Amino acid sequence: MKEKLEKEAYKLRFEYFNLYEDKETKWHEKYRNHDLYNIVVKSLDYRFHEIGQVMPKLLEELDTNR
């Protein structure tokens, strides 16, 4: 289950940077009600090379808030 959430979070982040380039507001409108929205938005503060270490920690925050 945790791996599935992590994979989904990476997918949303990828979409933000690659499919919605210059249309970021549309991405926010589309995903603002998604369970992982806040985690992915927090992950945007980190650089690409840092995300592999940061994303699992951000997802742990999600688990503790449930």
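Residues numbered from 1 in each chain as written. Predicted model: local features only at pLDDT ≥ 70, side-chain atom pairs only at ≥ 80, totals over all residues. Heavy atoms only, no water.

S.K.: Describe the overall build of the chain, naming the residues involved and giving the relevant values.
M.R.: Looking only at helices and strands, one finds four helices and zero strands in the chain. Across the chain, helices and strands are ordered from the amino to the carboxyl terminus as α-α-α-α. Taking 2.2 N^0.38 as the reference for a compact globule, 66 residues should give roughly 11 Å; the C-alpha atoms of the chain span a radius of gyration of 11 Å, in line with that estimate. C-alpha atoms of the chain, sized along the principal axes, occupy 30 × 25 × 20 Å. The burial tally for the chain puts 33% of its 66 residues in the buried class. Per element, the accessible surface of the chain, about 5100 Å² overall, is 49% carbon and sulfur. Seen as two clouds, the 13 positive and the 14 negative side-chain charges of the chain have centres 3 Å apart. (Helix = DSSP H or I, 4+ residues; strand = E, 2+ residues; numbered from the N terminus. Rg over C-alpha atoms; globule rule 2.2 N^0.38 Å. Buried < 20%, exposed > 50% of the residue type's maximum accessible area, 1.4 Å probe, protein only. Areas by Shrake-Rupley, 256 points an atom, 1.4 Å probe, with all protein chains shown as cover. Lys, Arg positive; Asp, Glu negative; His and termini not counted. Charge placed at Lys NZ, Arg CZ, Asp CG, Glu CD.)

S.K.: Quick one: what's the story with the nonpolar core, residue by residue and with numbers?
M.R.: Core analysis: the largest hydrophobic core is formed by 18 residues, its most contacted members being Trp27, Leu36 and Leu59. For this core, the elements supplying multiple residues, two or more each, are helix H1 (2-19), helix H2 (24-31), helix H3 (37-43) and helix H4 (51-65). Take this core: its biggest share by element is six residues, from H4. Setting aside chain neighbours within four positions, we find Trp27 in contact with Leu12, Glu15, Tyr16, Tyr20, Tyr37, Val40 and Val41. (Core = buried A, V, L, I, M, F, W, Y, C linked by side-chain atoms within 4.5 Å. Contact = heavy atoms within 4.5 Å.)

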